[in-house]
Amino acid sequence: MILENEERIAQEIANTNQIGRITFIRYFLAKGVSNESARIAEIEKVYTFLAGIQAGGVSGLFSTVSEDQAVFLVTGRLANKAHFNLMFDFHDHNQTPIKKIELAGLDGLAQFDSTAETAFYSNFLKLKQEQENLTPSVQGKQFFEMILSEEVVDFGRFS
């Protein structure tokens, strides 16, 4: 199975340990695919992608499928105990394919979004310990306190 460029790049980031051991993978695909064999082929590409990420394959999964078998939500775990969440929307109204891939590793993140102009990866967690000595801004402290409050926050006050 030949993977598309985005999947190959994500595999390279994962397998060269640029973001550490992978702990979570999210994959979203919205693409108009009406026949079952074409849907199976799309899902098989994603399975090949998952199996190729320092993981050793899928060890378990749970899925939910829409009545018309056009939308699939799959949650599972890889052999290395990394978790994944896959969403496929094969409805015909998806004329322009949308693909989103996110990898979370112990040392950083990688993201691809076909609706955005750029993809990125960051190994920010591998930075030297001196980063811990930074003094946070007032706004940073407020944002942190909002996160800790676990309340709904109106971000309009920041604009």
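Caption draft 1: Fine view of the pattern of salt bridges. Applying the stated criterion to the full structure yields 6 salt bridges. Lys99 is paired through a salt bridge with Glu6; the nearest N and O atoms lie 3.0 Å apart. Here Lys99 is found in strand β5 (residues 98-105), whereas its partner Glu6 is found in helix α1 (residues 5-15), with 93 residues between them in sequence. For Lys99, a relative accessible area of 8% corresponds to the buried category. For Arg26, the salt bridge is made with Glu102, and the minimal N-O distance between the two is 2.9 Å. With a gap of 76 residues between them, Arg26 in strand β1 (residues 22-30) and Glu102 in strand β5 connect regions that are remote in the sequence. A relative accessible area of 35% means that Arg26 is categorised as partly exposed. A residue is classified by how much of its surface remains accessible, and Glu102, at 29% relative accessible area, is partly exposed. Here the salt bridges do not stand alone but share partners, grouping Glu6, Glu7 and Lys99 into one network.

Caption draft 2: Molecular detail of the environment of Glu4. Summarising the element assignment, Glu4 is placed in the segment before α1. On the basis of relative accessibility, which here comes to 32%, the residue Glu4 falls in the partly exposed class. Residues Glu4 and Phe49 lie 45 residues apart in sequence; the distance between their C-alpha atoms is 9.4 Å. Not counting residues within four places of it along the chain, the set of residues in contact with Glu4 comprises Lys45 and Lys99.

Caption draft 3: Expanded view of the pairing of strand β2 (residues 58-65). In this structure, β2 lies alongside strand β3 (residues 71-78), joined through 7 bridges in antiparallel fashion. Residue pairing across strands places Phe62 opposite Thr75, the latter belonging to β3. Between β2 and β3, which pair antiparallel and follow one another directly, the connecting turn spans 5 residues, one of which, Gln69, has a positive phi of 55°.

Caption draft 4: Spotlight on the packing of aromatic side chains. Across all of its chains, the model carries 4 aromatic pairs by this definition. Note on Tyr27 and Phe88: the rings are 6.5 Å apart at their centroids and 40° apart in plane angle, and the pair reads as tilted. Of this pair, Tyr27 sits in strand β1 while Phe88 is found in strand β4 (residues 83-89), placing the two residues 61 residues apart along the sequence. Judged by relative accessible area, which is 3%, Tyr27 ranks as buried. Taking 5.7 Å as the distance between ring centres and 20° as the angle between the ring planes, the aromatic pair formed by Phe88 and Phe90 counts as stacked. The same class applies to Phe88 as to Phe90, namely buried.

Caption draft 5: The arrangement of the side chain of Asn94 in detail. Residue position: Asn94 is located in the loop between β4 and β5. Here Asp89 takes part through its backbone oxygen, which lies 3.1 Å from a polar atom of the side chain of Asn94. When sequence neighbours within four positions are dropped, the list of residues in contact with Asn94 reads Ala30, Lys31, Gly32 and Asp89.

Caption draft 6: Up close: the nonpolar core. Counting 24 residues, the largest nonpolar core has Ile25, Phe49, Leu86 and Leu103 as the members making the most contacts within it. Secondary structure elements with two or more residues in this core: α1, β1, α2 (36-51), β3, β4 and β5. Ranked by residues supplied to this core, first place goes to β1 with 4 residues. In this structure Leu103 touches Ala10, Ala14, Ile19, Ile22, Phe24, Ile25, Phe49, Ile53, Gly108, Leu109 and Ala110, once residues within four positions along its chain are discounted.

Parameters at a glance
Residues numbered from 1 in each chain as written. Predicted model: local features only at pLDDT ≥ 70, side-chain atom pairs only at ≥ 80, totals over all residues. Heavy atoms only, no water. Salt bridge = Lys/Arg side-chain N within 4 Å of Asp/Glu carboxyl O. Helix = DSSP H or I, 4+ residues; strand = E, 2+ residues; numbered from the N terminus. Buried < 20%, exposed > 50% of the residue type's maximum accessible area, 1.4 Å probe, protein only. Contact = heavy atoms within 4.5 Å. Pairing = 2+ DSSP bridges. Phe/Tyr/Trp six-rings, centres within 6.5 Å; stacked < 30°, edge-to-face > 60°. Polar contact = N/O pair within 3.5 Å; in protein donor to acceptor, adjacent residues only side chain to side chain. Core = buried A, V, L, I, M, F, W, Y, C linked by side-chain atoms within 4.5 Å.

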